[in-house]
Amino acid sequence: AEDEITLFERDMKEFWIQFKVSYGTEQNNQTSALRDLCKETLEALSEKWSKKLKEEDLMIDKIHEYNNEILQQSKYVAEKEEQLSEIKSKLNQEQEQQKNLTDSIQELKEELMKKMEIKSSKNKAAKEKVEQVSKIKTLFKEHLALEMRRIPDEQLQFIFRHVDHKDPDKPYVCTLSINEQGDYEVTSCTPPLDCIAELQLKLRETNNFSAFVANIRKAFTALSYK
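If you're wondering where the values come from, they're calculated on a predicted model, not measured in any experiment.

Per the counting criterion, the structure on display carries four salt bridges. One salt bridge in this structure joins Asp103 and Lys99, with 3.2 Å as the shortest N-O distance. Of this pair, Asp103 and Lys99 both sit in helix 1 (residues 2-144), four residues apart, which is roughly one turn of the helix. A salt bridge links Glu147 to Arg149; the shortest N-O distance between them is 2.9 Å. Since its relative accessible area comes to 24%, Glu147 is described here as partly exposed. On the accessibility criterion, Arg149 (37% relative accessible area) is partly exposed.

Laid out in structure tokens, this is it:
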């Protein structure tokens, strides 16, 4: 009976040892398989996420690149807008200058036309006065012993004779011209007459040339008796 018990105990020990070995081996194999699976899974996930991270990095780089391009384009557009604004400002200034120049030219034209009209009017008036003097020249010479001469600087000289009863041939001279304003102006009087300024003013006011000449002769005649 002891041998059977001993044999049973030995068999049980061997079975237990074999069970432990068998179980441990299987458990180790399962653990190793699980570890390998986890490793493969982790490697696959790591590779997948590494790829995603690379793609995201590339996307971020692209975004930065696009942002830089947009920034450069914005700067370029801003520069062009500034240049366009400067060009528009210059164009406006040139247009304003052109307008001012056109207005100035028009004003000069109008001013020139006015001056030409005034000059034409003065020339016409001067011509009429000269014609008036010429018409009465013969009359004065024949009836009043008056000689009229045209001298340099567009002046008209009146030479009166038969003024001094003591010396009929003695000349009394008055020189007359037309100034820039178109008015009569006495430039010389020999001998001098105190009333010459008054007679000149009256001639300008009345434009009565015959009366002026007659008054000059009267003044010279009165002077000859002094």
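Moving on from the model shown.
Turning our attention to the sheet that holds strand 1 (residues 146-151). Read across the sheet, four strands follow the order 1-2-3-4 without closing on themselves; strand pairing throughout is antiparallel. Since the sheet does not close on itself, it has two edges, and those belong to strand 1 and strand 4 (184-190), each with one partner. When strand polarity is set aside, the average angle formed by the axes of neighbouring strands in this sheet is 20°. Two strands pair when backbone bridges link them, and strand 2 (residues 155-160) and strand 3 (residues 172-178) are joined in this way by six bridges, in the antiparallel orientation. Bridged to Leu156 within strand 3 is Leu176. The sheet contacts of helix 2 (residues 196-206) involve strand 3 and strand 4, and relative to strand 4 the element is tilted by about 155°. Along the sheet, helix 3 (residues 209-224) contacts strand 1, strand 2, strand 3 and strand 4; its crossing angle with strand 3, the most-contacted strand, is approximately 150°.

Below, the discussion takes up the pairing of strand 1. For strand 1 and strand 2, the ladder comprises six bridges, and the chain directions are antiparallel. For Ile151, the partnering residue across the bridge sits in strand 2 and is Gln155. Between the end of strand 1 and the start of strand 2, which pair antiparallel, lie three residues, with Asp153 showing a positive phi angle near 65°.

How each quantity is defined
- Residues numbered from 1 in each chain as written.
- Predicted model: local features only at pLDDT ≥ 70, side-chain atom pairs only at ≥ 80, totals over all residues.
- Heavy atoms only, no water.
- Salt bridge = Lys/Arg side-chain N within 4 Å of Asp/Glu carboxyl O.
- Helix = DSSP H or I, 4+ residues; strand = E, 2+ residues; numbered from the N terminus.
- Buried < 20%, exposed > 50% of the residue type's maximum accessible area, 1.4 Å probe, protein only.
- Pairing = 2+ DSSP bridges.
- Axes fitted to C-alpha atoms, helices over the stretch in contact; angles between N-to-C directions.
- Contact = heavy atoms within 4.5 Å.

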